[in-house]
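Report on the structure
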Amino acid sequence: MIFHTAGIEVQPWIPPLVAFGISFFTSMGGISGAFLLLPFQMSFLGYVNPSVSATNQLFNIVAIPSGVFRYWREGRMVWPLTWVVVLGTLPGVFLGAFLRVAYLPDPTRFKLFASAVLFYIGVKMTKDLLKKNNAETRPPTTHVLQSQGMGGRHFSRLADPEDRFSTGATHPEVSRFNLKRISYTVDGQAFDISFWGIFSLSFIVGIVGGVYGIGGGSIIAPFFVTFFRLPVHTVAGAALMGTFITSVAGVVFYQLIAPFFPGMSVAPDWGLGLLFGLGGMAGMYLGAYCQKYVSANLIKLMLTGIILFTAIRYAAEFLGI
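Now for a look at the structure at hand. (Residues numbered from 1 in each chain as written. Predicted model: local features only at pLDDT ≥ 70, side-chain atom pairs only at ≥ 80, totals over all residues. Heavy atoms only, no water.)

Details of the packing of helix 2 (residues 34–44) against helix 3 (residues 51–73)
The interhelical angle for the contact between helix 2 and helix 3, taken along N-to-C directions, is 135°, at an axis separation of 10 Å. Taken together, the axis directions place helix 2 and helix 3 in an arrangement best described as oblique. In this structure, helix 2 meets helix 3 at a crossing whose hand is right-handed. Residues Ala34, Leu37, Leu38, Gln41 and Met42 of helix 2 touch helix 3, and the partners they reach there are Val52, Thr55, Asn56, Phe59 and Asn60. Partitioning the contact of helix 2 with helix 3 into residue classes produces 6 nonpolar, 4 polar and no charged. (Axes fitted to C-alpha atoms, helices over the stretch in contact; angles between N-to-C directions. Helix = DSSP H or I, 4+ residues; strand = E, 2+ residues; numbered from the N terminus. Parallel < 35°, antiparallel > 145°, perpendicular 65-115°, else oblique. Left-handed = near helix turned anticlockwise from the far one by under 90°. Contact = heavy atoms within 4.5 Å. Nonpolar A, V, L, I, M, F, W, Y, C, P; charged D, E, K, R; others polar.)

Structure follows, in structure tokens:
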């Protein structure tokens, strides 16, 4: 099957199958899988036009609603966190999309940029996992008070040492939401974070996401886990919802600016994006369902390995290794 916008030819069953496999695992951590579909499209399919970013965001639009529906149905959405993510990433996505077309159209330079972003996230998540493993070798305390960067605070009460291994199956309960703080409780642990800290970080990540073609919300999950120490089970739904809304904005923006770049493929490849989206829709629904049965550490370990592998691969391709 030939996809004219992408300039490639591929069997129609390959995109949905690949998207299903990726989305099933990544949706557990609040990531749509678009950041892994990008190297697949560029490296394996040979789709290196700037429109690959818009096609990735089209995949998000089709695939994400099934995962968000599952989290909402089971009462595992932290809505205040979701809306702040959307408000922060939305303007950043527009700026990132412009930077992608105007300054990063060359696929080689773009791969170097993507490698740097992914490697930074992967290293931060690795450090977080190592610190947590070291901390769990010490005797647990009844009351823990930790300070966080970016204006966030985390108050944790462990009624039982086994709470550390909770899979986050209980429903989060929001206790405060205003222009200063966001507070909620889940699994016997209370989390209090800065509204403007979340907003500022979301805006920066939105710019990166707009360039990378993943809507912004997709990479906000690892940042929330590493910088704000939020549990991955409560971040997943918010990150996916943020990715969906900002991806809609991203696709519209790419489509609108396409006429201003007549010599460049900017608008999404609708056929290819829909095929990826259909596979991702099934994968995300099943991944969101299975998430509550998987430990947070295992999810973070899986995401860290995938992120670092992709970053190293991009860097190797840039260096010609």
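Some details on the nonpolar core
Counting residues in each nonpolar core, the largest one holds 69 residues, and the members touching the most others are Phe59, Leu81, Phe224, Leu230 and Phe276. Non-local contacts of Phe59, meaning those with residues more than four positions away in its chain, are made with Ala19, Ser23, Ser32, Gly33, Ala34, Leu37, Gly273, Phe276, Gly277, Gly280 and Met284. (Core = buried A, V, L, I, M, F, W, Y, C linked by side-chain atoms within 4.5 Å. Buried < 20%, exposed > 50% of the residue type's maximum accessible area, 1.4 Å probe, protein only.)

A closer look at the packing of aromatic side chains
If you walk through the whole model with that rule in mind, you get 12 aromatic pairs. Judged by centre distance (6.3 Å) and plane angle (90°), the ring pair of Phe40 and Phe276 falls under edge-to-face. Here Phe40, found in helix 2, pairs with Phe276, found in helix 9 (residues 270–290); they are 236 residues apart in sequence, far enough to count as distant. Judged by relative accessible area, which is 15%, Phe40 ranks as buried. When the centroid spacing of 6.4 Å and the interplanar angle of 35° are considered together, the rings of Phe177 and Phe195 count as tilted. Within this pair, whereas Phe177 is found in strand 5 (residues 173–177), its partner Phe195 is found in helix 6 (residues 195–212), the two being separated by 18 residues in sequence. Through successive ring pairs, a cluster of aromatic residues spans Phe177, Phe195, Trp196 and Phe199. When the ring centre of Tyr289 is taken as reference, the NZ or CZ atom of Lys292 above it lies at 4.2 Å. (Phe/Tyr/Trp six-rings, centres within 6.5 Å; stacked < 30°, edge-to-face > 60°. Lys NZ or Arg CZ within 6 Å of the ring centre and 35° of its normal.)

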